[in-house]
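# Descriptive analysis of the structure
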Amino acid sequence: GMVSQTDIVRALCLQAQRNILMGRATEATTLDELKGLFRRLDECASGALEYNRRAVNALRILSETHLAIMRRCVDLTIAAMEADGRPKPSIQFAVLIMGSGGRKEMMLEPDQDNGIILDDDPRIEDAAVAEWFRLFSRQYNDNLAEIGYPLCPGDIMMCNPLFHKSLADWTTQMNHLAEFPTEKAARWSNVIFDFETLYGDDSLTARLRKHVHDLLSEKQLLLSFMVEDDAEGRPPIGMFNRLVTSEEADTRGLIDVKRNGLRIIADAARIYALSRGINATSTHDRVNALVRLGVLDVDFADSVLSAYEELITLVLDHQLEQRRRGELPDKLINPKEISPHLREILRDSMLAVKRFQEKLQGEFARMNF
């Protein structure tokens, strides 16, 4: 296609805006400064949507800004501990970002999903070293909450010993998940397997990822449990392919676009990618990789990615409007409050979600294992 001068100017303006926010995050010296940047993320999201033809690119830009804030929070947490007479041990570690952060698909109101890998160094058994990392993890999670990132309701955070381990202990835990899968393990796996390095030694993350892929290439029962966890959410499609809304008291008349749409696509892409040893973590990159491997045909993948883009746009527009009204952002859409055109887009997108979920369930039903 053709790119106009206007397109180029807009792209340069957006890049400048993103660089300003990320630069300020990198240079922030207090949590209050990071909190101020967090409050400006709606500006980043609005500009990214306006100047990008694809919502997935806008989402990546917003996510990179989130990650810059979170990364700087690590520096400030370590600096505060050193100022209190607790110098950082000379041991390699990697702070992990998981879930939507690991996929670079964070919207305006993400909570925390993180962990930490410690190098297999004998010194981590030293009581003083172990205490430093324990305090660091607790303080980091508390600092993120102060900035604006709520504590994870599922407790998937590095202050939880389950997500605070040496590399050897992480691999042992992954072995146990694969060997003895449970519903809870599947729920965790649908979050923690989207891990990337936020801060620190990326080689630790790469080694853990390789172990996970090697493990799941042989033991895929956990994947079927993950499919069953995904199936707890259903696309809001009823008889005659009509949209149906929630009947729960607190969400009556609404559609949870994340739980009943975006999450299903992300879950399916993750499970397929893990079964094929695909290293990509973003949903878009995973689906494209599945096409290259012949797992998904081009037309099917295009319909899934188009649905994903449309749902992202709907949710981001909805959240930005909520921010303008001074409300907390959510992912609940009232079909009666959007235009007929957008309702049709929502319906068609959810039909594509339904087809993807049905394909996943057909290939990874537990009885196949």
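### Side note on the overall build of the protein
Helices and strands together make up the secondary structure of the protein, namely 14 helices and six strands. For 369 residues, the compact-globule estimate of 2.2 N^0.38 gives 21 Å, and the protein sits close to it at 21 Å. Expressed as lengths along the three principal axes of its C-alpha atoms, the size of the protein is roughly 65 × 50 × 45 Å. Per-residue burial for the protein yields a buried fraction of 51% across its 369 residues. Counting contacts in the protein only where the partners sit at least 6 residues apart, residues at least 24 apart contribute 76% of the total.

### Observations regarding the environment of N279
When you line up the elements, N279 lands in the loop between helix 11 (258-275) and helix 12 (283-292). It is 30 Å that separates the C-alpha atoms of N279 and A145, two residues lying 134 residues apart in sequence. Residue contacts for N279: discarding those within four places in its chain leaves R209 and H213. A distance of 3.3 Å separates the side chain of N279 from the side chain of H213, its partner in a polar contact.

### Focus on the pattern of salt bridges
Considering all chains together, one arrives at 25 salt bridges under this definition. In this structure, D194 and R103 form a salt bridge, with 2.8 Å as the shortest nitrogen-oxygen distance. Here D194 is found in the loop between helix 8 (183-192) and strand 4 (196-200), whereas its partner R103 is found in helix 5 (residues 100-103), with 91 residues between them in sequence. Between D121 and R123 there is a salt bridge, with its nearest N and O atoms 2.8 Å apart. Given the relative accessible area of 15%, D121 is considered buried. Among the residues examined, R123 registers a relative accessible area of 40% and is labelled partly exposed. Several salt bridges share partner residues, and in doing so they unite R103, E105, R187, D194, D229, R263, D267, R270 and R286 into one network.

### Some remarks on the packing of helix 11 against helix 14 (residues 340-364)
At a closest axis distance of 9 Å, the pairing of helix 11 and helix 14 adopts a crossing angle of 35 degrees. Regarding helix 11 and helix 14, the two cross each other, and that crossing is left-handed. Taking contact as the criterion, the partners of N260, G261, I264, I265, A268, A269, I271, Y272 and S275 in helix 11 are, on helix 14, M350, V353, F356, Q357, K359, L360, E363 and F364. Among the residues making up the contact of helix 11 with helix 14, the classes are represented as 11 nonpolar, four polar and two charged.

### Let's talk about empty space enclosed by the protein
Within the structure shown, the criterion is met by two cavities of 30 Å³ or more. Residue composition of the lining of the largest cavity, by class: six nonpolar, three polar and two charged. Each pocket or cavity is described by its volume, and for the second largest cavity that value is around 40 Å³. Forming the boundary of the second largest cavity are M70, I97, M98, S100, G101, M106, D111, Q112 and D113.

### So, the layout of surface pockets
Taken as a whole, the largest pocket holds about 810 Å³ of empty space. Considering the residues around the largest pocket, the lining is formed by 30 residues, among which D111, D113, V191, K258 and R263 are closest to the centre. Looking at the lining of the largest pocket, the elements that each hand over two or more residues are helix 5, helix 8, helix 11 and helix 13 (298-324). Considering each element in turn, the lining of the largest pocket owes the most residues, seven residues, to helix 11. When its residues are assigned to classes, the lining of the largest pocket shows 13 nonpolar, four polar and 13 charged.

### Focus on the sheet that holds strand 4
For sheets, the rule is that strands pair by backbone hydrogen bonds, running either parallel or antiparallel. Across the sheet, four strands lie side by side as 3-2-1-4; this open sheet has mixed pairing. Strand pairing shows two members of the sheet lacking a second neighbour, strand 3 (164-166) and strand 4, which therefore form its edges. This sheet shows a mean twist of 30 degrees between the axes of neighbouring strands, independent of strand direction. Bridge analysis of strand 1 (residues 93-97) against strand 4 gives four bridges, and the strand direction is antiparallel. When the sheet's bridge partners are listed, I97 is paired in strand 4 with E196. Of the strands in this sheet, strand 1 and strand 4 are in contact with helix 4 (residues 55-83), which crosses strand 4 at around 35 degrees. Set on the sheet, helix 7 (residues 167-179) makes contact with strand 1, strand 2 (114-118) and strand 3; between it and strand 3 the angle comes to about 105 degrees.

### A few points about the confidence of the model for the protein
Looking at the protein as a whole, the pLDDT averages 90, with 93% of positions reaching at least 70. Scored below 50 in pLDDT, residues 3-13 shows four contacts in the model against residues more than four places distant or in partner chains.

### So, the packing of helix 7 against helix 9 (residues 202-218)
Running from amino to carboxyl end, helix 7 crosses helix 9 at an angle of 20 degrees, the nearest separation of the two axes being 10 Å. With respect to their mutual orientation, helix 7 and helix 9 come out roughly parallel. Regarding helix 7 and helix 9, the two cross each other, and that crossing is right-handed. On helix 9, the residues that touch L167, W170, T171, M174, N175 and A178 of helix 7 are L204, R207, L208, H211, V212, L215 and L216. In the contact of helix 7 with helix 9, the residues fall into nine nonpolar, three polar and one charged.

Definitions and limits used
- Residues numbered from 1 in each chain as written.
- Predicted model: local features only at pLDDT ≥ 70, side-chain atom pairs only at ≥ 80, totals over all residues.
- Heavy atoms only, no water.
- Helix = DSSP H or I, 4+ residues; strand = E, 2+ residues; numbered from the N terminus.
- Rg over C-alpha atoms; globule rule 2.2 N^0.38 Å.
- Buried < 20%, exposed > 50% of the residue type's maximum accessible area, 1.4 Å probe, protein only.
- Contact = heavy atoms within 4.5 Å.
- Polar contact = N/O pair within 3.5 Å; in protein donor to acceptor, adjacent residues only side chain to side chain.
- Salt bridge = Lys/Arg side-chain N within 4 Å of Asp/Glu carboxyl O.
- Axes fitted to C-alpha atoms, helices over the stretch in contact; angles between N-to-C directions.
- Left-handed = near helix turned anticlockwise from the far one by under 90°.
- Nonpolar A, V, L, I, M, F, W, Y, C, P; charged D, E, K, R; others polar.
- 1 Å grid on protein atoms, 1.4 Å probe; cavity = no way out; pocket = protein on both sides within 12 Å on 5 of 7 lines; lining within 4 Å.
- Points joined across faces, edges and corners; volume = space filled by probe spheres on them.
- Pairing = 2+ DSSP bridges.
- pLDDT = per-residue confidence, 0-100.
- Parallel < 35°, antiparallel > 145°, perpendicular 65-115°, else oblique.

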